[in-house]
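For reference, the chains in residue letters:
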Amino acid sequence: MRCRKLATFSEDSGSLRRTFLSAPMHGVHREIATWLEPLRTELQIDAAGNLRALYPAAEAATPRLLIGSHLDTVPNAGAFDGILGVVLAIALLKGLDGRRLPYAIEVVGFSDEEGVRFGTPFLGSRALVGRFDESLLALQDSHGVPVRKAIEDFGLDPANIAEAALRNDVCANLEFHIEQGPLLESLELPLGVVEAIAGQSRLEFTFVGRANHAGTTPMNLRFDAIAGAAEWIAAVEGGAKRIPGLVATVGSLQTEPGAVNVIAGKVRLSLDVRHPVDEVRIRAVEGLVRDAQSIAYGRGLTVSWKERMNQSAVRMDHSLIAAIEEAIRKAGCKPHRMVSGAGHDAMILAERVPAGMVFVRTPGGISHDPAESVLVDDVVKAIECGFHLLDEFAESPAFQKRMHRA
Ligand SMILES: [Zn+2]
């Protein structure tokens, strides 16, 4: 399958890692170009490294529908996250077999969604919505290479980034993506329609106590930062379980001094909180901050925190949700509306154009791992769903009239 073929273009030998504008991305672009050649698209790589292939409409000066996903990966990645959405878009063009529609289709392979190389995600899609500002060009990767230089090294000109922005002729953005979670599998459904992409808070907490000898300090005279942090972590888990739809994770923890025979004096932890409703998420974060304060107070510790990210939830377009549901039904499946806990390019595109997403069942819910997979039958259903959508759009002048909210 084509996803597996693209997984061979990697920065690491033996596993898949393909970050923003890394050398193997050239290989991926060349491979995709060979697939696109018989489809007679107008292919270009924009200045932000996005692959853009335009399949013209029956007539000139018609709206365009974007279909795509991302071509970059995390380290030790699976073969389908992002890539499937691009391969599927090309399969739809191929299936049209030269037939022209009342709108053009632009296949987009985004250059950066994961944010692995420069520590900030969505570099590709931000260029499309005109939000790739100067400050991004100065970001450096772990080797000290700035974004500006990475773009030049890839053979592109950072001065042209503004030209990558969408014009006013885009009627919608459609993204097919693996679910990356266990829900569709648990419901025995191949496809889902995304209603919203959850908002996300990220914070960093530091508990400070007093480092001391593990053998000579009695239990009642300790200021143990790890014990305080542990009590709070349990409160995070318990608190999240009480709020429907909320997920809260302490995923990283550094202790000081981190020795077996020393009571910890300091613990730094991360907190990640997500929910489709922003007020619920913000209230939950406030509650968890209060928990941290009262636990620290009760133990004679201090706690401080910094906000690292506060991303609002993004709703997908209503009429696209309805159209996708209908297309899933026509493909012989039961549609299921769901919230995406992970961020996606569609959430950036939704700033400017109506955006919709179709999720494909992920066996075992496993993603960001070489064991990531899809079922061939599910991909066939996704393609069928895609064709029904193209037809629905073709028959809907109202849809084609919808342009950009810029
Ligand atoms: Zn992805």
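Parameters at a glance
Residues numbered from 1 in each chain as written. Predicted model: local features only at pLDDT ≥ 70, side-chain atom pairs only at ≥ 80, totals over all residues. Heavy atoms only, no water. Helix = DSSP H or I, 4+ residues; strand = E, 2+ residues; numbered from the N terminus. Rg over C-alpha atoms; globule rule 2.2 N^0.38 Å. Buried < 20%, exposed > 50% of the residue type's maximum accessible area, 1.4 Å probe, protein only. Contact = heavy atoms within 4.5 Å. Areas by Shrake-Rupley, 256 points an atom, 1.4 Å probe, with all protein chains shown as cover. Lys, Arg positive; Asp, Glu negative; His and termini not counted. Charge placed at Lys NZ, Arg CZ, Asp CG, Glu CD. Salt bridge = Lys/Arg side-chain N within 4 Å of Asp/Glu carboxyl O. Donors = N, O, S within 2.8 Å, 3.2 Å for Na, K, Ca; no water. Pairing = 2+ DSSP bridges. Expected span 1.5 Å × (residues − 1). Phe/Tyr/Trp six-rings, centres within 6.5 Å; stacked < 30°, edge-to-face > 60°. Lys NZ or Arg CZ within 6 Å of the ring centre and 35° of its normal. Disulfide = S-S within 2.5 Å.

Undergrad: How do you make sense of the overall build of the chain when you look at a structure like this?
TA: For the chain, the helix and strand inventory stands at 13 helices and 16 strands. Relative to the globule expectation of 22 Å for 406 residues, the C-alpha radius of gyration of the chain, 23 Å, shows essentially globular dimensions. Projected onto its principal axes, the C-alpha coordinates of the chain cover approximately 80 × 45 × 40 Å. Expressed as a percentage of the 406 residues in the chain, the buried residues total 52%. Here the analysis covers contacts within the chain between residues at least 6 apart in sequence; of these, 77% occur between residues at least 24 apart. Roughly 17,700 Å² of accessible area belongs to the chain as shown, and the carbon and sulfur atoms make up 52% of that amount. Distance between charge centres in the chain, computed from 43 positive and 51 negative side chains, equals 3 Å.

Undergrad: Honestly, the pattern of salt bridges in this entry has me stumped. Any pointers?
TA: For side chains of opposite charge, pairing can occur when their charged atoms come near one another. Applying the stated rule across the entire model yields 22 salt bridges. One salt bridge connects arginine 337 with glutamate 195, and the closest N-O pair in it is separated by 3.4 Å. Placement of arginine 337 in strand E15 (residues 337–340) and of glutamate 195 in strand E6 (residues 191–197) is noted, with a sequence separation of 142 residues between them. Residue classification places glutamate 195 among the partly exposed positions, given a relative accessible area of 23%.

Undergrad: Where do I start with the coordination of the zinc ion in this structure?
TA: Coordination of the zinc ion by the protein is provided by His70 (NE2), Asp81 (OD) and His177 (NE2), with metal-donor distances spanning 1.9 to 2.2 Å. Sequence spacing of the donors to the zinc ion: H-x10-D-x95-H. Residue histidine 70 is found in strand E3 (residues 64–70), and its partner histidine 177 is found in strand E5 (residues 170–178); the two are separated by 107 residues along the sequence. Accessibility classification places histidine 70 together with histidine 177 in one group, the buried group.

Undergrad: Even after reading the chapter, I still don't get the pairing of strand E4 (residues 104–110), so can you show me in this structure?
TA: For a regular strand, side-chain orientation follows a simple rule: the groups alternate between the two sheet faces. The buried fraction of E4 is high, at seven of seven residues. Of the two faces of E4, the one holding Ala104, Glu106, Val108 and Phe110 and the one holding Ile105, Val107 and Gly109 are both buried throughout. Pairing of strand E2 (residues 51–55) with E4, which is carried by five bridges, proceeds in the antiparallel orientation. Following the sheet pairing, tyrosine 55 is matched in E4 by isoleucine 105. Alignment of E3 against E4, held across seven bridges, turns out to be parallel.

Undergrad: Can you walk me through helix H3 (residues 83–96) in this structure?
TA: Think of an α-helix as turning once every 3.6 residues; residues three or four places apart then point the same way. Its 14 residues place the ends of H3 20 Å apart at the C-alpha level, agreeing with the 20 Å of an ideal helix rising 1.5 Å per residue. Counting buried residues along H3, eleven of its 14 residues qualify, which places the element largely inside the surrounding structure. Along H3, the residues that are buried comprise Ile83, Leu84, Gly85, Val86, Val87, Leu88, Ala89, Ile90, Leu92, Leu93 and Leu96. Trailing H3 by a residue or two, aspartate 97 shows a phi angle of about 55°, which is positive.

Undergrad: I'm lost on the packing of aromatic side chains in this one. Help?
TA: Note on aromatic pairs: each is described by the distance of the centres and the angle between the planes. Counted by the stated rule, this structure contains seven aromatic pairs. Ring plane angle 75° and centroid distance 6.2 Å describe the contact between tyrosine 103 and phenylalanine 399, whose orientation is recorded as edge-to-face. Taken together, the residues span a long stretch of sequence, with tyrosine 103 in the loop between H3 and E4 and phenylalanine 399 in helix H13 (residues 397–401) at a distance of 296 residues. There is no split in this pair, since tyrosine 103 and phenylalanine 399 are both buried. Of the aromatic side chains, those joined through ring pairs into one cluster are Phe205, Phe207, Trp232 and Trp305. Cation over ring: arginine 100 sits above tyrosine 55, and NZ or CZ is 4.5 Å from the ring centre.

Undergrad: Help me understand the state of the cysteines in this model?
TA: Here a disulfide denotes a covalent bond joining the sulfur atom of one cysteine to the sulfur atom of another. A complete count under the given rule lists zero disulfides for this structure. Here cysteine 3 is not cross-linked by a disulfide; its sulfur's nearest cysteine counterpart is in cysteine 385, at 16 Å. Residue cysteine 3 is classed as buried on the basis of its relative accessible area of 0%. Free of any disulfide, cysteine 333 has its nearest cysteine sulfur in cysteine 385, 8.1 Å distant. For cysteine 333, a relative accessible area of 9% corresponds to the buried category.

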